[in-house]
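Secondary and tertiary structure notes
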Amino acid sequence: MMLNDRKFAGARRFLIATVVGAGLFISQPSDIFAQQQAKDFSAPLYTLVRSLQYVQDSVVAGDFSAMDMQRFLLEQVDRKLREAQPEDFDDPRNVDAALIYAMSGGNPKTLDLIVARDRYGYFDEEITGIMRAYLNGLVPTTKKPMKEIVEEYLDTSLGPYIALIAANVKAAAKDIKSVELFNLARLSSPGSLIEEAALRRSILISINSDMVGQALKFAHIYARRFSKSPYNVQFSQLIIEMIVQNLEAIDEVIVDEIISYLPRDQQKRIYLRIARTGVVDGNSVMAKKALQKLHLFEDENAAYYELLSNFYANIRDLSLGETRLAYDKIKAIKRRSLSPIDKPLYDAAVALAEQILELPTEQSLAQARKYKLEKNLAVAELRSVNLKKLSEAPKVVNDDPLALPNDVEFANYMKGRMNTVDEVDALLEAAAEEDKS
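1. Side note on the overall build of the protein chain
The helix and strand inventory of the protein chain stands at 21 helices and 0 strands. Classification of the 437 residues of the protein chain by burial places 41% in the buried group. In the protein chain, the share of contacts with a sequence separation of at least 24, taken over all contacts with a separation of at least 6, comes to 64%. For the protein chain, the computed accessible surface area is about 24400 Å², with 54% contributed by carbon and sulfur atoms.

Here it is as structure tokens:
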């Protein structure tokens, strides 16, 4: 495996520091180093996992070049775990390292394998059970409350990960108390990938719980500490969602300060997307404010922002009784001058205006009358069928008499997880669209 010296110099220095105790003093270029370690990486497991944690923390701090090293270390740790003998886990540091690896993007099946080989009881059944269930999308079942387990392990190397699991389970059930557990996770692991993830999820659960002030507080912390994280595209989406949902209640000064911590290009993308959202939702105040922010960026795109400002304003005017004037102004804009995101909006606006301006014909009026009659008949028939079904249906106290409380809890949990997956997919699609613009 060929690794670039410039990209991985920082990560390599840390690797040297951690493995020198094992007799691996490295003076070769990093590509030779990587090839040799791929053949025989004899450093103890826990030192490799510490290096993995360091590299992952470097990534969220903005060192994108460390992402290749992260993949490399994940492969090495996975290979070492699969080749490990039960006796290798006589050192409790290796036991913790195996669990941390699984929670750090490792292969859950590798954890299943080494736990199955554990003949001496090195792996605590309750802790491994919690992690394996969580990694496989199941609700962890424990003999004692998760909060007690979190408090018991909080001061250990596993503590932040267990707190994060407990918080995610509560968050999936839309429980605002999950924020308390996210706080424990991030405060026990400052500057880490855990803190970054805990802050993002705290913002999300606060927004969904209509706790705007709390969401702003977490957003401010995130922007100051992780403005260069590769995952802050999700953070940007959360900021946009918070502004759109709470335009009247939100403190504009604080929001502008939060956005100001982000890279300049990302700031412009946020204001552009807020402006587009305002146009689509018919919120001219929000669109106007966002476009005013864009004008503050005095750069080579100033003319384009002026074009967008006029374009969005004309779309807004379509619904204000000035259809002909707005239509003429929109048509005067060259479609090819717009971004791939704004071109569909242009097409929709033109089509809408043309339909409004088109004079009705005798045929169109006849079709409209026929459609209205058919619609009324269909609604009447549907009401008749529903009333009949309602009168014949047996009365049931519970929607599903066979459902147990645990089944309901599990269903809610899985629904929450699927919603999270949908949100991540939407974020990835939005990021891809932004890259095209």
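2. With respect to the packing of aromatic side chains
Under the defined criterion, the tally for this structure stands at 6 aromatic pairs. Look at Phe 311 and Tyr 312: their rings are 5.7 Å apart centre to centre, the planes differ by 40 degrees, and that puts the pair in the tilted class. Classification of Tyr 312 by relative accessible area gives buried; the value is 1%. Ring centres of Phe 311 and Tyr 346 lie 6.1 Å apart, and the angle between their planes is 35 degrees; this geometry places the pair in the tilted category. Pair noted here: Phe 311 is in helix α17 (residues 302-318) and Tyr 346 is in helix α19 (residues 342-357), with a separation of 35 residues, a long-range link. Tyr 346 shares its class with Phe 311; the two are buried. Three or more aromatic residues joined by ring pairs make a cluster, and in this case those are Tyr 222, Phe 226 and Phe 235. Residue placement shows Lys 217 over the ring face of Phe 218; its charged tip is 4.9 Å from the ring centre.

3. Here's the deal with the nonpolar core
If you look at the biggest cluster of nonpolar residues, it comprises 55 residues, and the most contacted ones within it are Phe 235, Met 242 and Phe 311. Sorting elements by how many residues they give to this core places helix α12 (residues 212-226) first, with 9 residues. If we skip the residues at most four places from it in the chain, Met 242 touches Ile 207, Val 212, Ala 215, Leu 216, Ala 219 and Ile 250. In this structure, Met 131, Ile 162, Phe 182 and Ala 185 belong to the second largest nonpolar core, which totals 52 residues.

4. Details of the pattern of salt bridges
For the coordinates displayed, the defined rule picks out 17 salt bridges. The partner of Arg 119 in a salt bridge is Glu 87, and the shortest N-O contact between them spans 3.8 Å. Pair noted here: Arg 119 is in the loop between α6 (108-116) and α7 (125-135) and Glu 87 is in the loop between α4 (66-83) and α5 (92-103), with a separation of 32 residues, a long-range link. Taking the relative accessible area as the measure of exposure, Glu 87 reaches 43% and is therefore partly exposed. Across the pair Glu 195 and Arg 225 runs a salt bridge whose closest N-O atoms are separated by 2.8 Å. Here Glu 195 is found in helix α11 (residues 193-208), whereas its partner Arg 225 is found in helix α12, with 30 residues between them in sequence. Glu 195 gets classed as buried once you look at its relative accessible area, which sits at 4%. Taken together, the salt bridges that share partners define one network made up of Glu 252, Asp 256, Lys 289 and Lys 293.

Calculation notes
- Here the residue numbering is sequential within each chain, running from 1 through the sequence in written order.
- Predicted model: local features are reported for residues with pLDDT of at least 70 only, side-chain atom pairs are reported and counted for 80 or more only, and whole-chain, interface and lining totals are derived from all residues.
- Water and hydrogen atoms were dropped before computing side-chain values, which therefore reflect all heavy atoms in the structure.
- Secondary structure follows DSSP: runs of H or I at least 4 residues long count as helices, runs of E at least 2 residues long count as strands, and numbering of each begins at the N terminus.
- When accessible area is computed with a 1.4 Å probe and restricted to protein chains, residues below 20% of their type maximum are described as buried, those above 50% as exposed, and intermediate ones as partly exposed.
- It only takes one pair of heavy atoms within 4.5 Å for two residues to be counted as in contact.
- The protein chains shown are the only cover counted for residues, whose accessible areas, like all others here, come from Shrake-Rupley with a 1.4 Å probe.
- We call Phe, Tyr and Trp rings a pair once their centres come within 6.5 Å, taking the six-membered ring for Trp, and we label the pair stacked below 30 degrees between planes, edge-to-face above 60, and tilted otherwise.
- By definition, being over a ring means that NZ of Lys or CZ of Arg is both within 6 Å of the ring centre and within 35 degrees of the ring normal.
- By nonpolar core we mean a set of buried residues, namely Ala, Val, Leu, Ile, Met, Phe, Trp, Tyr and Cys, connected to one another through side-chain atoms within 4.5 Å.
- Salt bridges are counted wherever a side-chain nitrogen of Lys or Arg sits within 4 Å of a carboxyl oxygen of Asp or Glu.

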